[in-house]
2 protein chains.
Amino acid sequence: MTTPQNPSGEDSLIARYFKPLATDPGAFGLVDDAAILSASGDDIVVTTDAVIEGVHYLASDPPDTIARKALRVNLSDLAAKGAVPAGFVLTLALRSKEDAWLQPFADALGEDARTFACPLLGGDTVSTPGPQMISITAFGRVPQGRMVGRTGARPGDRILVTGTIGDAALGLDVLTGGEVAKALASDPVARDYLVSRYRVPQPRNLLAQAVRDLASAAMDVSDGLAGDLTKLCAASGVSATVNVAGVPLSAAAAGLVARNAVCVETLLAGGDDYEVLCTVPPALSDALIAAGQAAGLAVTAIGTILAGRERPRFLDGQGQELALKQLSYSHF
Amino acid sequence: MTTPQNPSGEDSLIARYFKPLATDPGAFGLVDDAAILSASGDDIVVTTDAVIEGVHYLASDPPDTIARKALRVNLSDLAAKGAVPAGFVLTLALRSKEDAWLQPFADALGEDARTFACPLLGGDTVSTPGPQMISITAFGRVPQGRMVGRTGARPGDRILVTGTIGDAALGLDVLTGGEVAKALASDPVARDYLVSRYRVPQPRNLLAQAVRDLASAAMDVSDGLAGDLTKLCAASGVSATVNVAGVPLSAAAAGLVARNAVCVETLLAGGDDYEVLCTVPPALSDALIAAGQAAGLAVTAIGTILAGRERPRFLDGQGQELALKQLSYSHF
């Protein structure tokens, strides 16, 4: 990204919208091809996630929420790894240079960059004849060797999850006029809540240090709780049992389940939650729940890690296993 | 990127094609959401460049050359910054999961990752209804404070460039059936050479250490020599004069200029060269040329940095300034 004497369209776009976001000295004011990330003795945690129009967000979504989602899905990964945000680079594939879209996009991106102390370090702006795409690579810092991985879950560990599960999938259904939209036709407050959960994830970066200090394994829930727990267990070589009645639901989601408007399986397999899923030795689980309380965040124990390699079992209130047709969202 | 017990389409794609490329311990075999990059006391240089089907490559380009181009445009940035490659993350936006495309793509990407000692650290694979896109963020290491920027050019510095200029723009013209294709109708060797220069950049990483030790400023030539030198001069607050007769051309390009089939202005503004453009104090320029020779690479002095803020001037053999209608390629 550059700001030359005689700016081309691309350069003036960058100078106008994105230079104000490049507050870190390592970004060189976006005047170079590259940025510097100082490790200062820490490990650098790297994560990358892209969002595509029509796949991860809707063309009708407001540009400010698209910007926030693009950055926050990456911040959510950093939180689950126990890392402190250090900055990000942005690839923006645009059909055209539309000020009416770019200004609120850049403003919201800059606001989130400040809120989460994660400055823009550099990027690439390219034209595309197809859907818009925003690809972000984000960086965090952890003390050497302290990144929380997926492989450390051990039999007996408690399984904890932040916030509530399934809201975003319901919000997408509201936006696309599905069953949930019909069931909530007379409840605009619930509709708005669920839509906001789809459009603007709430990454749990306030909990990152507690996750780093207490969790044996962690990941963020992005493709559905059931599938993501399955992945974590596979990586750790363990199994698990989950008490489905204990999975935290929002009032809106719980109301829909109580009215049989959606089944709980849909919530367990729904994507876009961006909550932290982690495993914690039993003696430490109360400490993580307390750290959540201190951060104003619900942290809920939903199950236990077991020895074995079987797929995690999701049990209802009667101890019967739910048959999950789909574990998670897959792009292919 | 993950490899679970019960792989989804996306996960099996990653396990099959990309896990073999994740040779660095910090990649965790792509089993985690994030990777670790150890700085070991160095600065981490970060660069990101995306390529989009129909914009940066043609839908008809072979998948192996697309993979190489996607990685090499980033390696070229690292070379120009004086950095040693450390790894990369990949975002791959695909229309479908086509083995016939993915296998040669992944094989070539892996081969280049090994050749340039730049392993895959992680990534994101997403579906898109539109053109394919490959976004890569690459990392390099330099000793602290030693990244070569764009701001250090000083009056009197020599301007040097590696390799030859303008070939890739001619190669694109060959592929799209333009004037060059017609002019070279009976010269398949020249056509193939120019096409290969468009499809497969030759990043100058072998010269990175010499650039770091000798250059006052550097960047890679990706959007056209004229425009890129203009950007470098603007960033350094200097002007420049370039002897156009001294700009290195390949035999194919020189032949086309001699026959008036293309004008030199086209070569100076053409994109996709991926050569290193740098400025060097006069006493050190012979050393950089010698370092190029040692690496089997032509390094050519093409001009001089001047005091002032005027746009660089490109002079023909008679000292007349060329009027450049377009300095470089811009996406908008």
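Chain A is annotated in an unreviewed UniProt entry as Thiamine-monophosphate kinase of Bradyrhizobium cajani. Listed under Pathway (unreviewed entry) in UniProt, the entry text for chain A is "Cofactor biosynthesis; thiamine diphosphate biosynthesis; thiamine diphosphate from thiamine phosphate: step 1/1." According to its UniProt record, chain A has this under Function (unreviewed entry): "Catalyzes the ATP-dependent phosphorylation of thiamine-monophosphate (TMP) to form thiamine-pyrophosphate (TPP), the active form of vitamin B1."

Novice: An account of the overall build of chain A is requested, with residue identities and associated values reported.
Specialist: Across its full length, chain A holds 11 helices and 11 strands. If one aligns the C-alpha atoms of chain A with their principal axes, the spans along those axes are about 70 × 50 × 35 Å. Per-residue burial for chain A yields a buried fraction of 62% across its 332 residues. The contacts in chain A between residues at least 6 apart in sequence include a share of 86% that link residues at least 24 apart. Split by element, the accessible area of chain A, about 11,500 Å² in all, is 51% carbon and sulfur. Here chain A carries 26 positive and 36 negative side-chain charges, and the mean point of each set is 3 Å from the other.

Novice: Give me the confidence of the model for chain A: which residues, what numbers.
Specialist: Within chain A, residue pLDDT values average 92, and 96% of them lie at 70 or more. Within the model, the stretch residues 1–7 of chain A combines pLDDT values under 50 with 30 contacts to residues more than four positions away or in other chains.

Novice: Let's hear about helix α11 (residues 282–294) of chain B: which residues, and what values?
Specialist: Residues and elements named next belong to chain B. If you check which residues of α11 are buried, you get Ser-285, Leu-288 and Gly-292. Burial along α11 is one-sided: seen end-on, the buried residues are contained in an arc of 65°. For α11, exposure combined with an orientation more than 90 degrees from the buried face picks out Ala-283, Asp-286, Gln-293 and Ala-294. Gly-296 lies just past α11 and shows a positive phi near 70°.

Novice: A description of the sheet that holds strand β4 (residues 120–127) of chain A should follow, citing residues and the corresponding values.
Specialist: The strand order β4(A)-β3(A)-β5(A)-β2(A)-β1(B) describes an open sheet built from five strands, whose pairing is mixed. Strands at the two margins of the open sheet, each flanked by one partner only, are β4 of chain A together with β1 (35–38) of chain B. Each adjacent strand pair in this sheet contributes to an overall mean axis angle of 20°, direction not counted. Bridge count between strand β3 (residues 84–94) of chain A and β4(A): seven bridges; the pairing is parallel. In the strand pairing of β4(A), A:Phe88 is matched with A:Leu120. Of the strands in this sheet, β3 and β5 (133–142) of chain A touch helix α3 (residues 99–115) of chain A, which is tilted by about 170° from β3(A).

Novice: Describe the pattern of salt bridges, naming the residues involved and giving the relevant values.
Specialist: Applying the stated criterion to the full structure yields 36 salt bridges over all chains. Its salt-bridge partner being A:Asp112, residue A:Arg68 comes within 2.8 Å of it at the nearest N-O pair. You can see A:Arg68 sitting in helix α2 (residues 63–80) and its partner A:Asp112 sitting in helix α3, a full 44 residues away along the chain. A relative accessible area of 1% means that A:Asp112 is categorised as buried. Its salt-bridge partner being A:Asp167, residue A:Arg197 comes within 3.1 Å of it at the nearest N-O pair. One end of the pair, A:Arg197, is in helix α6 (residues 188–199); the other, A:Asp167, is in helix α4 (residues 167–175), and 30 residues separate them in sequence. For the pair A:Arg197 and A:Asp167, one class covers both residues: buried. What emerges from the salt-bridge pattern is a single network uniting A:Asp32, A:Asp33, B:Lys81 and B:Arg150.

Novice: I'd like a rundown of the interface of chain A and chain B, residues and numbers included.
Specialist: Accessible area lost during the coming together of the parts is what is often quoted as the interface size. Between chain A and chain B, the residue contacts involve 70 residues of the former and 70 residues of the latter. Summing the contributions of chain A and of chain B, the shared interface buries around 5,500 Å²; its carbon and sulfur component is 61%. For the pair chain A and chain B, the number of links is six salt bridges. In this structure, A:Asp32 and B:Lys81 form a salt bridge, with 2.6 Å as the shortest nitrogen-oxygen distance. Where chain A packs against chain B, one counts 21 residue pairs in polar contact (both at pLDDT 80 or more). Breaking the side of chain A that touches chain B down by element, the ones donating at least two residues are α1 (9–18), β1 (35–38), β2 (43–52), β3, β4, β5, β7 (217–221) and α8 (225–236) of chain A. At nine residues, the largest contribution of residues to the side of chain A that touches chain B is made by β2(A). Class assignment of the residues belonging to the side of chain A that touches chain B gives a composition of 31 nonpolar, 23 polar and 16 charged. In terms of strand pairing, β1(A) meets strand β2 (residues 43–52) of chain B through four bridges, oriented antiparallel. Bridged to A:Ser38 within β2(B) is B:Asp43.

Novice: Quick one: what's the story with the pairing of strand β10 (residues 299–306) of chain A, residue by residue and with numbers?
Specialist: Here strand β6 (residues 158–162) of chain A runs beside β10(A); their pairing, made up of five bridges, is antiparallel. Bridged to A:Arg158 within β10(A) is A:Thr304.

Novice: So, the side chain of B:Ser285: which residues are in play, and what are the values?
Specialist: With respect to the helices, strands and loops of the structure, B:Ser285 is situated in helix α11. Among residues more than four places away in sequence, those in contact with B:Ser285 are B:Arg158, B:Leu160 and B:Val280.

Novice: So what's going on with the UniProt feature "binding site: substrate" (unreviewed entry) in chain A? Residues and values would help.
Specialist: All names here are of chain A. In the numbering adopted here, UniProt assigns the feature "binding site: substrate" (unreviewed entry) to His-56, Asp-272 and Tyr-329. By the element assignment, Asp-272 lies in the loop between α10 (264–269) and β9 (275–280). For Asp-272, the contacting residues outside a window of four places in its chain are Lys-69, Ala-168, Arg-197, Tyr-198 and Ser-222.

Novice: Residues and numbers for the packing of α4(A) against α6(A), please.
Specialist: All names here are of chain A. With their axes 7 Å apart at the nearest point, α4 and α6 run at an angle of 110° to one another. On the basis of their axis angle, the class for α4 and α6 is roughly perpendicular. Two packed elements cross with a definite hand, and for α4 against α6 that hand is left-handed. Two secondary-structure elements touch here, α4 through Asp-167, Ala-168, Leu-170, Gly-171, Leu-172, Val-174 and Leu-175 and α6 through Arg-191, Tyr-193, Leu-194, Val-195, Arg-197, Tyr-198 and Arg-199. In terms of residue class, the contact of α4 with α6 is built from nine nonpolar, one polar and four charged.

Conventions and cut-offs
Residues numbered from 1 in each chain as written. Chains lettered and ligands numbered in written order. Predicted model: local features only at pLDDT ≥ 70, side-chain atom pairs only at ≥ 80, totals over all residues. Heavy atoms only, no water. UniProt positions renumbered as here; feature names shortened; annotations may be inferred. Helix = DSSP H or I, 4+ residues; strand = E, 2+ residues; numbered from the N terminus. Buried < 20%, exposed > 50% of the residue type's maximum accessible area, 1.4 Å probe, protein only. Contact = heavy atoms within 4.5 Å. Areas by Shrake-Rupley, 256 points an atom, 1.4 Å probe, with all protein chains shown as cover. Lys, Arg positive; Asp, Glu negative; His and termini not counted. Charge placed at Lys NZ, Arg CZ, Asp CG, Glu CD. pLDDT = per-residue confidence, 0-100. Arc of directions from axis to C-beta. Pairing = 2+ DSSP bridges. Axes fitted to C-alpha atoms, helices over the stretch in contact; angles between N-to-C directions. Salt bridge = Lys/Arg side-chain N within 4 Å of Asp/Glu carboxyl O. Buried area = accessible area lost by both parts, 1.4 Å probe. Polar contact = N/O pair within 3.5 Å; in protein donor to acceptor, adjacent residues only side chain to side chain. Nonpolar A, V, L, I, M, F, W, Y, C, P; charged D, E, K, R; others polar. Parallel < 35°, antiparallel > 145°, perpendicular 65-115°, else oblique. Left-handed = near helix turned anticlockwise from the far one by under 90°.

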